[in-house]
Amino acid sequence: MSAAVLLKDIFGFDAFRPGQQEIVEAVIAGENTLAIMPTGGGKSLCFQLPALAREGVTVVISPLIALMRDQVRALQAAGVEAGALTSGNTEEETEAVWRGLEAGTLRLLYMAPERLASGGTMQMLRRVGVTMIAVDEAHCVSQWGHDFRPDYLRIGELRRMLDVPLAAFTATADAETRAEIVQKLFDGVEPSTFLRGFDRPNIHLAFEVKDGPRAQILNFAAARKGQSGIVYCGTRAKTETLGKALNDAGHSACYYHGGMEAEDRRIVERRFQQEDGLIVCATVAFGMGIDKPDIRWVAHADLPKSIESYYQEIGRAGRDGAPAETLTLFGPDDIRYRRQQVDEGLAPPERRAADHGRLNALLGLAEALHCRRVNLLTYFGEDPQPCGNCDLCDKPADIFDGTTAVRMALSAALRTEEWFGSGHLIDILMGAKTEKIAQRGHDSLPTYGVGKEYDKRQWQAIFRQMMGRDLMRPDPERHGALRMTEGARPILRGEATIDLRRDSIKAAKGTGPKIRQMVSEEDAPLLSALKAKRRFFAEQLGGPAYIVFNDKTLIEMAEKRPMNLDEMARIGGVGAKKLESYGAPFLEVISGAVEDVHPVRRKLAMRGNGEVYDRLLAAQAELARGEDGAGKPMSMGAATLAKIATLHNPDMAGLTRLMGDKHTERFGAAFLNILTDR
Ligand code: ADP
Ligand code: ZN
């Protein structure tokens, strides 16, 4: 079967994601390959599909048992013979794998690198005719990286012994790691290398200045009730208190941090993987090993430590490609805390400077004046266009020339010899009469009281932005007193100007994140019904919901409303096997979905319009495929029909306004008949 046919038939996808096709072709052709793709880019398909296109067994080395088991289950659900040899296997599972290997029917064999330590495994792999090696999370071979797994070093030996092509995959792109992968896995011979861009266009980016952070997180979660999300917290204690607050607010939430018993952590990991709509409040310990494609949102209750961490953490959302949202909260305390962490760390000076740089990049993103994605991707070396999917594209920042304000602030710091924090400096600028000012005679400074045009809150925002843009840094040797950086000198000297944001100066209240529905209001009841059906099957399988269908597939079903198996097969994510297993029951949900809009019908009945509604519905069903029954299926949701049923002085123009040209062309005349005849 060709790659395109496998893609549609087995995986149920109509098209490759960006970058996938080139990689798939190279791997099928038997080239050694190294593919660097962002998390969620669709790496697994790039070895799973070639494994099916090629003869023999592909052995997949993967570091985490839970991920292996999920992938195997998903493959089996798609009708592929796949198995894993892991310590978590039941005896039957292991036997089934062996049978498949002996019969030559097994196509993908997953195993952890530790297995390679036994000579028996290597010999076995030779005997069963392995024709390709795929290595997931290939950066685990890097001794300097954080995920080093010594047994990954055996993979090079395995490749030499089997003498088959090797395809390595990772999301870690830095040059050092890449070089090490080439050295250790490919004996230094450069493989075909694919570096796919870092953009994750389905993830909405947003930052907010902390202003009642608990309420901000609760609001964000409330607008996304029932969707799976992660709240990253700066401390273990906060994971527990926020988890409780979310539970009290009626969410299903739990917490996770490195201080918990291993068993308790596993329970949370498992629940998160399997349950629909669970929220986990966690420290960054939660992440490695989370392979849930339908995480709909990630919030940071505290600022992450660097731009790389930020990217990795938000990247856990929306791996299935359906819309996902993020919100990162930050404030001056976060900036001070993160700076202090770097300064007080044990890293050598050059490393500390680099860490400050990575933090600066994140702060620059937090205080960005224009499109966040442009800012983020530029950092990763790309040359993007404004994205239309971040808070600053949604609503441009209100910018003002902050040069004078910044010079006043710098001057206040310099005239007090850089021994004070923002609180005292603001008191000076605003001409406050505090004891500290009187004691030190700071009321006689030329900067005393020069900043009265801004209030205290506004000055705090100016100082925060100055810290965020690295014009001032807290000095750990002076208990966090603010000191000017070299970067601020041109502004002080009047050689450069600086723009600041005004909207983060104004109270950030009342601008809660915009509520985003996954589908329109009309399709929402159907989507819930489809999800319920999915949960039913997932529970039968004892696996996570997305193994049945992922969110993106259900959304497409809810929007396109397939009427028969042919139309169902055209939905992205519905392959041959899934069509057979689930096609009919999901079709039933869709055609029976009228049940789910009963509340609308009931409301109309109370207003005496119920019968008209029923007649409209019947007319719609009759004309669903046009007069001749051969047209493209068309229908409208309950809400639109309800509006039509209650239309005053109905005419064609009114109908067109409610249902658009296309629908009016098909249903207009029939509907008008019904409406004028009541
Ligand atoms: P990662 O690169 O992080 O390993 P995965 O391989 O887990 O990502 O893929 C992420 C998600 O994208 C999965 O839900 C997968 O089904 C989906 N996916 C992969 N390729 C495609 C495609 N060509 N079209 C649509 N969805 C895809
Ligand atoms: Zn943008």
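## A closer look at the packing of helix 2 (residues 20-28) against helix 3 (residues 43-53)
Part 1: Two elements in contact, helix 2 and helix 3, have axes whose closest approach is 9 Å; the angle formed by their N-to-C orientations is 40°. Classified by the angle between their axes, helix 2 and helix 3 sit oblique to one another. In this structure, helix 2 meets helix 3 at a crossing whose hand is right-handed. Together, Gln 20, Ile 23, Val 24, Val 27 and Ile 28 of helix 2 and Leu 45, Cys 46, Leu 49, Pro 50 and Ala 53 of helix 3 make up the contact between the two elements.
Part 2: In the contact of helix 2 with helix 3, the residues fall into nine nonpolar, one polar and no charged.

## Here we look at the state of the cysteines
Here, disulfide denotes a covalent bond that connects the sulfur atoms of two cysteines.
Part 1: Evaluated as defined, the whole model comprises zero disulfides.
Part 2: Just so you know, Cys 233 is unpaired, no disulfide at all, and the nearest cysteine sulfur is the one on Cys 281, 5.1 Å from it.

## Side note on the pairing of strand 12 (residues 279-282)
Part 1: The alternating pattern of strand 12 places Ile 279 and Cys 281 on one face and Val 280 and Ala 282 on the opposite face, and all of these are buried.
Part 2: For strand 10 (residues 229-232) and strand 12, the ladder comprises four bridges, and the chain directions are parallel. Bridge pairing links Gly 229 to Ile 279 in strand 12.
Part 3: Judged from the four bridges that link them, strand 11 (residues 253-256) and strand 12 form a sheet pairing that is parallel. Looking across to strand 12, one finds that Tyr 255 is bridged to Cys 281.
Part 4: Regarding the hand of the β-α-β motif, the stretch spanning strand 11, helix 11 (residues 262-274) and strand 12 is right-handed.

## So, the sheet that holds strand 3 (residues 82-85)
Part 1: Reading across from one edge, 3-4-2-5-6-1-7 is the order of the seven strands in this open sheet, with parallel pairing throughout. The open sheet has two edge strands with one neighbour each: strand 3 and strand 7 (192-195). When strand polarity is set aside, the average angle formed by the axes of neighbouring strands in this sheet is 20°.
Part 2: Both strand 2 (residues 57-61) and strand 4 (residues 108-111) contribute to a ladder of four bridges, which runs parallel. Bridged to Thr 58 within strand 4 is Leu 108.
Part 3: Lying over the sheet, helix 7 (residues 154-162) contacts strand 2, strand 5 (130-135) and strand 6 (166-170), oriented at roughly 160° with respect to strand 5.

## Quick look at the coordination of the zinc ion (ligand 2)
Six octahedral donors around a metal ideally sit at 90 or 180 degrees from one another, while four tetrahedral donors ideally sit at 109.5 degrees.
Part 1: For the zinc ion (ligand 2), the protein coordination sphere consists of Cys 371 (SG), Cys 387 (SG), Cys 390 (SG) and Cys 393 (SG), at 2.3 to 2.4 Å.
Part 2: Angles of 100 to 118° at the metal separate the four donor atoms of the zinc ion (ligand 2), which places the site in the tetrahedral class.
Part 3: Mapping the donors of the zinc ion (ligand 2) onto the primary sequence gives the spacing C-x15-C-x2-C-x2-C. Of this pair, Cys 371 sits in the loop between helix 14 (349-366) and helix 15 (372-379) while Cys 393 sits in helix 16 (residues 391-394); the two residues are 22 residues apart in sequence, bridging distant segments of the chain.
Part 4: Using a relative accessible area of 7% as the deciding quantity, one classes Cys 371 as buried.

## Digging into the site of ligand 1
Part 1: In the vicinity of ligand 1 lie 15 residues, with Ala 15, Gly 40, Lys 43, Ser 44 and Arg 319 positioned nearest.
Part 2: At 3.0 Å, a side-chain N or O of Arg 17 approaches an oxygen atom of ligand 1.
Part 3: Gly 41 is positioned with one of its backbone polar atoms (N or O) 3.4 Å from an oxygen atom of ligand 1.
Part 4: The fraction of the free accessible surface of ligand 1 (570 Å²) that becomes covered by protein chains is 85%.
Part 5: A breakdown of the residues in the shell around ligand 1 according to their chemical character gives five nonpolar, seven polar and three charged.

## Considering the pattern of salt bridges
Part 1: Tallied over the full model, the rule gives 38 salt bridges.
Part 2: Where Asp 211 meets Arg 457, a salt bridge forms, and the shortest distance between an N and an O atom there is 3.4 Å. Separated by 246 residues along the polypeptide, Asp 211 in the loop between strand 9 (207-209) and helix 9 (213-222) and Arg 457 in helix 20 (residues 456-468) bring together distant segments of the chain.
Part 3: We note a salt bridge from Glu 556 to Lys 560, for which the minimum N-O separation is 3.0 Å. Taken together, the residues span about one helical turn, with Glu 556 and Lys 560 both in helix 23 (residues 551-560) at a distance of four residues.
Part 4: Using a relative accessible area of 56% as the deciding quantity, one classes Lys 560 as exposed.
Part 5: Within the structure, one salt-bridge network assembled from shared partners comprises Asp 276, Arg 296, Asp 320, Arg 534, Arg 535 and Asp 551.

## Remarks on the packing of helix 13 (residues 332-344) against helix 20
Part 1: In the contact formed by helix 13 and helix 20, the axes pass within 9 Å of each other and the chain directions differ by 30°. Compared by their axis directions, helix 13 and helix 20 come out roughly parallel. Once helix 13 is placed against helix 20, the crossing between them reads as left-handed. Each of Pro 332, Ile 335, Arg 336 and Arg 339 in helix 13 lies in contact with helix 20, whose residues at this interface are Arg 464, Met 467 and Gly 468.
Part 2: Of the residues in the contact of helix 13 with helix 20, the class split is three nonpolar, one polar and three charged.

## Observations regarding the environment of Arg 159
Part 1: When you line up the elements, Arg 159 lands in helix 7.
Part 2: Under the relative-accessibility criterion, Arg 159 is labelled buried at 14%.
Part 3: As for Arg 159 and Gln 76, which are separated by 83 residues in sequence, their C-alpha atoms are 27 Å apart.

## Details of the environment of Gly 188
Part 1: Within the element layout of this structure, Gly 188 appears in the loop between helix 8 (175-186) and strand 7.
Part 2: Residues in contact with Gly 188, not counting those within four places in the same chain, are Val 182 and Gln 183.

## Observations concerning the environment of Arg 373
Part 1: Note that Arg 373 resides in helix 15.
Part 2: Taking relative accessible area as the criterion, Arg 373 reaches 5% and is therefore assigned buried.
Part 3: Once residues lying within four places of it in the same chain are set aside, the contact partners of Arg 373 are Asp 199, Arg 200, Pro 201, Ile 203, Leu 205, Thr 378, Pro 384, Cys 387 and Asn 389.

## Thoughts on the domain arrangement of the protein chain
Part 1: In terms of domain boundaries, the protein chain breaks down into domain 1 (3-195), domain 2 (203-330), domain 3 (399-502), domain 4 (524-594) and domain 5 (610-676).
Part 2: On a C-alpha basis, the centroid separation for the pair domain 1 and domain 4 is 29 Å.
Part 3: Here domain 1 packs against domain 4, burying approximately 950 Å² in sum over the two surfaces, 50% of which is carbon and sulfur.
Part 4: Counting across the interface, domain 1 meets domain 4 through zero salt bridges.
Part 5: The interface formed by domain 1 and domain 4 contains five residue pairs in polar contact (both at pLDDT 80 or more).
Part 6: Ranked by residue count, the leading element in the side of domain 1 that touches domain 4 is helix 4 (residues 65-77), at five residues.

## Some remarks on the packing of aromatic side chains
Part 1: All told, the structure shown has 17 aromatic pairs when counted by the stated rule.
Part 2: Residues Phe 536 and Phe 537 carry aromatic rings whose centres are separated by 5.2 Å and whose planes lie at 70° to one another, so their mutual orientation is edge-to-face.
Part 3: We classify Phe 536 as partly exposed; its relative accessible area is 42%.
Part 4: On the accessibility criterion, Phe 537 (12% relative accessible area) is buried.
Part 5: Ring geometry for Phe 667 against Phe 671: centres 5.5 Å apart, planes inclined by 15°, an arrangement best described as stacked. Pair noted here: Phe 667 and Phe 671 are both in helix 29 (residues 652-676), with a separation of four residues, about one helical turn.
Part 6: Cluster of aromatic residues (ring-pair linked, three or more members): Phe 536, Phe 537, Phe 549, Tyr 582 and Phe 586.

Scoring rules and cut-offs
Residues numbered from 1 in each chain as written. Chains lettered and ligands numbered in written order. Predicted model: local features only at pLDDT ≥ 70, side-chain atom pairs only at ≥ 80, totals over all residues. Heavy atoms only, no water. Axes fitted to C-alpha atoms, helices over the stretch in contact; angles between N-to-C directions. Helix = DSSP H or I, 4+ residues; strand = E, 2+ residues; numbered from the N terminus. Parallel < 35°, antiparallel > 145°, perpendicular 65-115°, else oblique. Left-handed = near helix turned anticlockwise from the far one by under 90°. Contact = heavy atoms within 4.5 Å. Nonpolar A, V, L, I, M, F, W, Y, C, P; charged D, E, K, R; others polar. Disulfide = S-S within 2.5 Å. Buried < 20%, exposed > 50% of the residue type's maximum accessible area, 1.4 Å probe, protein only. Pairing = 2+ DSSP bridges. Right-handed = clockwise from strand over helix to strand, strands pointing away. Donors = N, O, S within 2.8 Å, 3.2 Å for Na, K, Ca; no water. Tetrahedral: all angles 85-135°; square planar, octahedral: opposite > 155°, others 65-115°. Near = heavy atom within 4 Å. Polar contact = N/O pair within 3.5 Å; in protein donor to acceptor, adjacent residues only side chain to side chain. Areas by Shrake-Rupley, 256 points an atom, 1.4 Å probe, with all protein chains shown as cover. Salt bridge = Lys/Arg side-chain N within 4 Å of Asp/Glu carboxyl O. Domains from an automatic or database assignment. Buried area = accessible area lost by both parts, 1.4 Å probe. Phe/Tyr/Trp six-rings, centres within 6.5 Å; stacked < 30°, edge-to-face > 60°.

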